[in-house]
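Close look at the chain arrangement
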Amino acid sequence: MKTYQSFIRRATARSFTHSLLVVSALLLSTTGCKDLLEEVPISQVGSQYANTPNGFEAVVKAAYSSLREYYGREDAMTLTVFGTDTYTMGSDGSFKFVNQYTSQIDGRLGVTNNIWNAFYKAINTINVALEAAPTITGLDETIKKRRISELKFLRAHHYFILVQMFGPISLLTKGNLVPTKEFTRAPVKEVYAQIITDLESSLTDLTPPTTDYGRVTKGAAEHLLAKVYLTKATDKDAMAADDFAKAATYAQNVIKNYTYSLLPDFASVFVQGGGEVNNEVIFATQYTSEPITNIGSGFNSTTTSTVTINGNQTHLYFVMEYDNQAGMQRDIVNGRPFRRFMPTPYLLNVVFAEKDRVIDSRYKKTFKDTWYSNNPSKTTPIFDNSKTSLKFVAGDTAIFIPGYEMPLAERAKRRYQVLVPSLYKPNLFPNLQKFMDALRPDRTYEAGSRDFIMFRLADTYLIAAEALIKQGKAADAVPFINAVRRRAAWPGKEKDMEITASQATMDFIMEERERELAGEMHRWFDLKRWGNLVERVKAYNPDGAPNVKDFHLLRPIPQDQIDRTAGGAAKYPQNPGY
């Protein structure tokens with residue numbers, strides 16, 4: 001349980017559910033084959049609730065809660081980590097075909113449909129609240145303006161994710177309180193224009209970082225603007241000549257004008273508990289160990305006998321099958337091994353090249369390398385072909401991953417199993433440890449309590465560097481890259497980590513971003529922005545290589561949305577290739 005409080009942690013699912021009355025005329029629902037007009041009311045609270053000070057505040061909290069339907073969810077992790085050059089599929093999971101880019105990716109795909117539904121629910125909630133705001137009395141005007149800006153930020157965020165995934169989408173800026181089947185797909189350029197309008201107009205009334213932790217700040221809005229302009233600059237349907245310059249400016253504003261700072265130690269960014277609230281975090285989706293706070297709307301949730309609990313589930317997906325090995329059993333500290341995402345050889349051997357690990361601490365601090373025996377009586381199975389038997393005492397090393405091909409004779413001397421690269425397979429692989437959750441109440445519990453860090457300053461530095469390189473200003477990019485690399489250095493190796501202007505290339509940025517941000521839900525979007533998703537999947541992801549095509553740069557529009565739009569596919573066409 002975190003020891004501090006914040007507004008969103010105090011906002012329970014009850015206020016979220018009550019405020020969802022404003023989306024009873026939901027854009028679509030993919031929970032069945034019923035027509036859009038056949039609806040079940042989800043609240044007895046009228047839409048006028050949003051016109052009261054308390055109701056308006058509750059609706060704002062509901063809009064924040066929608067972030068929990070994306071960050072920390074398997075759906076979004078599947079669409080952002082899978083199917084890239086750095087992660088492929090482990091031995092378990094229902095969505096391997098997303099990594100393989102097979103024909104099973106179509107308009108019925110649950111992971112895309114759930115995100116579409118969740119974000120359009122939230123957008124409609126936001127629209128109703130924004131329309132209600134001018135008529136609300138009894139709420140301090142400064143607070144009201146700030147809440148309006150927070151809502152605009154959240155709407156912009158949701159549209160930014162949607163437009164990157166789906167291309168032209170429905171652009172809704174008015175609240176919908178009655179059923180309708182009239183929808184169209186707005187051009188990408190119009191969607192970006194709305195995103196930028198929302199974000200830039202929010203800057204006036206947002207505050208710098210505040211003690212009301214968890215609310216959108218001006219720094220978060222400028223960080224998102226930097227990312228939006230960086231991405232827009234590469235979209236042929238939306239790009240403008242000054243996009244890279246604006247991206248660089250907004251990123252540098254975040255770096256220079258606020259109290260954010262890189263933590264001295266890379267690993268400390270991901271310390272669980274109070275460590276999640278630190279000077280490097282610009283904005284995060286908040287979770288807590290209290291189940292009532294994490295009650296969800298039904299998508300991507302763990303269902304108990306009484307409630308549906310989301311929680312941050314990322315701790316599940318990167319964990320190898322340690323619990324089936326000699327000397328080990330599943331426990332809370334080492335995690336529940338869902339074995340979804342396995343690092344590719346490119347990530348392990350090129351991005352984290354062995355020769356660089358003596359100066360760069362991030363390989364060691366990104367991947368777990370040691371497991372201590374918690375079940376010494378278990379002597380099989382043994383994957384290490386250098387030995388035929390093992391004996392343990394509780395607390396002995398049971399598994400070690402050195403990260404290089406330790407010779408057979410050297411492994412034979414060790415009294416534990418050594419997992420070398422030639423023995424990696426879909427159930428046994430280096431284990432990303434950024435999201436491990438040792439504060440769960442038991443070893444099977446899925447709903448983790450750690451915050452999901454959405455924006456952090458190291459990313460801002462790399463955004464600034466990328467935008468400058470794209471303008472031909474490599475020398476100006478170097479200080480931003482070196483700041484991140486010096487922080488990542490082993491003590492005394494800071495100078496060795498610095499690069500020169502001749503090294504500040506896009507190829508370098510493509511690797512540096514993953515050294516810093518592996519697993520943090522950026523990679524698929526990065527590859528799409530760089531225009532090399534297909535090329536890199538073909539080169540580095542053998543599971544995805546045979547099937548990936550150019551049309552996979554967009555995700556399929558939910559078929560239910562097409563079917564329930566007046567005019568069907570003629571008015572609301574599917575993306576090409578699906």
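Note: the structure precedes this text.
The present account deals with the structure reproduced in this document. (Residues numbered from 1 in each chain as written. Predicted model: local features only at pLDDT ≥ 70, side-chain atom pairs only at ≥ 80, totals over all residues. Heavy atoms only, no water.)

The subject of this paragraph is the side chain of Asn-127. Counting through the fold element by element, Asn-127 comes out in helix α6 (residues 110-132). By relative accessible area, Asn-127 is classed as buried at 1%. When sequence neighbours within four positions are dropped, the list of residues in contact with Asn-127 reads Arg-155, Leu-172, Thr-173, Lys-174 and Gly-175. (Helix = DSSP H or I, 4+ residues; strand = E, 2+ residues; numbered from the N terminus. Buried < 20%, exposed > 50% of the residue type's maximum accessible area, 1.4 Å probe, protein only. Contact = heavy atoms within 4.5 Å.)

Here the focus is the environment of Leu-517. Relative to the helices and strands, Leu-517 resides in helix α17 (residues 506-517). The spatial distance from the C-alpha of Leu-517 to the C-alpha of Thr-366 is 9.5 Å, given a sequence separation of 151 residues. Those residues in contact with Leu-517 that lie beyond four places of it in its chain are Lys-434, Arg-456, Asp-459 and His-522.

Another point: helix α10 (residues 243-257). Its 15 residues give α10 an end-to-end C-alpha distance of 21 Å, which sits within 8% of 21 Å, the value for a rise of 1.5 Å per residue. Taken residue by residue, α10 has Asp-243, Phe-244, Ala-247, Ala-248, Tyr-250, Ala-251, Gln-252, Val-254 and Ile-255 as its buried positions. At its buried positions, α10 is contacted by α8 (188-202), α9 (218-232), β2 (281-285), α14 (457-470) and α15 (474-488). (Expected span 1.5 Å × (residues − 1).)

Another point: the packing of aromatic side chains. Overall, the coordinates contain 29 aromatic pairs when judged by the stated rule. For the ring pair Phe-318 and Phe-435, a centre distance of 5.7 Å and an interplane angle of 45 degrees mean the geometry is tilted. Note that Phe-318 is positioned in the loop between β4 (308-309) and β5 (341-343) and Phe-435 in the loop between β10 (431-432) and β11 (452-456), a separation of 117 residues in sequence. Classification of Phe-435 by relative accessible area gives buried; the value is 8%. Taken together, the ring pairs in this structure connect Tyr-70, Tyr-71, Phe-82, Tyr-87, Phe-119, Tyr-317, Phe-318, Phe-338, Phe-341, Phe-435 and Phe-452 into an aromatic cluster. The aromatic ring of Tyr-287 is capped on one face by Arg-68, whose charged end is 5.9 Å from the ring centroid. The ring centre of Trp-524 lies 4.2 Å from the NZ or CZ of Arg-555, which sits over that ring. (Phe/Tyr/Trp six-rings, centres within 6.5 Å; stacked < 30°, edge-to-face > 60°. Lys NZ or Arg CZ within 6 Å of the ring centre and 35° of its normal.)

Attention now moves to the nonpolar core. Formed by 156 residues in total, the largest nonpolar core has its most connected members in Tyr-70, Phe-153 and Ile-195. In this view, Phe-153 contacts Leu-199, Val-216, Ala-220, Ala-221, Leu-224, Phe-283 and Phe-455; residues no more than four positions away in its chain are not counted. With eight residues, the next largest nonpolar core counts Tyr-213, Leu-263, Val-281 and Ala-284 among its residues. (Core = buried A, V, L, I, M, F, W, Y, C linked by side-chain atoms within 4.5 Å.)

With that out of the way, let us pick up the pattern of salt bridges. Pairing between side chains becomes possible if they bear opposite charge and their charged atoms approach one another. Here the structure, examined in full by the defined rule, presents 45 salt bridges. Linking Lys-434 and Glu-520 is a salt bridge whose minimum nitrogen-to-oxygen distance equals 2.6 Å. Of the two residues, Lys-434 sits in the loop between β10 and β11 while Glu-520 sits in the loop between α17 and α18 (523-530), which places them 86 residues apart along the sequence. Accessibility assignment for this pair places Lys-434 and Glu-520 in one class, buried. Each of Glu-280, Asp-360, Arg-362, Lys-434, Arg-456, Arg-485, Arg-487, Glu-511, Glu-512, Arg-515, Glu-516 and Glu-520 takes part in salt bridges that share partners, so that together they form one network. (Salt bridge = Lys/Arg side-chain N within 4 Å of Asp/Glu carboxyl O.)

Further remarks concern the sheet that holds strand β9 (residues 417-418). One open sheet accounts for three strands, arranged β7-β8-β9; its pairing is mixed. Each having just a single partner strand, β7 (370-372) and β9 make up the two edges of the open sheet. (Pairing = 2+ DSSP bridges.)

All right, on to the packing of α15 against α17 then. Following both chains from N to C, one finds α15 and α17 inclined at 40 degrees, their axes separated by 12 Å at the closest point. What the angle tells us is that α15 and α17 run oblique. Where α15 crosses over α17, the handedness of that crossing is left-handed. Of the residues in α17, those in contact with Ile-481, Val-484, Arg-485 and Arg-487 of α15 are Phe-508, Ile-509, Glu-512, Arg-515 and Glu-516. Along the lines of polarity and charge, the residues of the contact of α15 with α17 split into four nonpolar, no polar and five charged. (Axes fitted to C-alpha atoms, helices over the stretch in contact; angles between N-to-C directions. Parallel < 35°, antiparallel > 145°, perpendicular 65-115°, else oblique. Left-handed = near helix turned anticlockwise from the far one by under 90°. Nonpolar A, V, L, I, M, F, W, Y, C, P; charged D, E, K, R; others polar.)

Before going further, it helps to examine the environment of Gly-175. Tracing the backbone shows Gly-175 in the loop between α7 (141-166) and α8. C-alpha of Gly-175 to C-alpha of Val-128: the two residues are 47 residues apart in sequence and 4.3 Å apart in space. Ignoring sequence-local partners within four residues, the contact set of Gly-175 consists of Asn-124, Asn-127, Val-128 and Glu-131.

Counting buried positions along β2 yields five of five residues, so the element is predominantly enclosed. Note: β2 against β11, four bridges, orientation antiparallel. Looking at the pairing, Ala-284 lines up with Ile-453 of β11.

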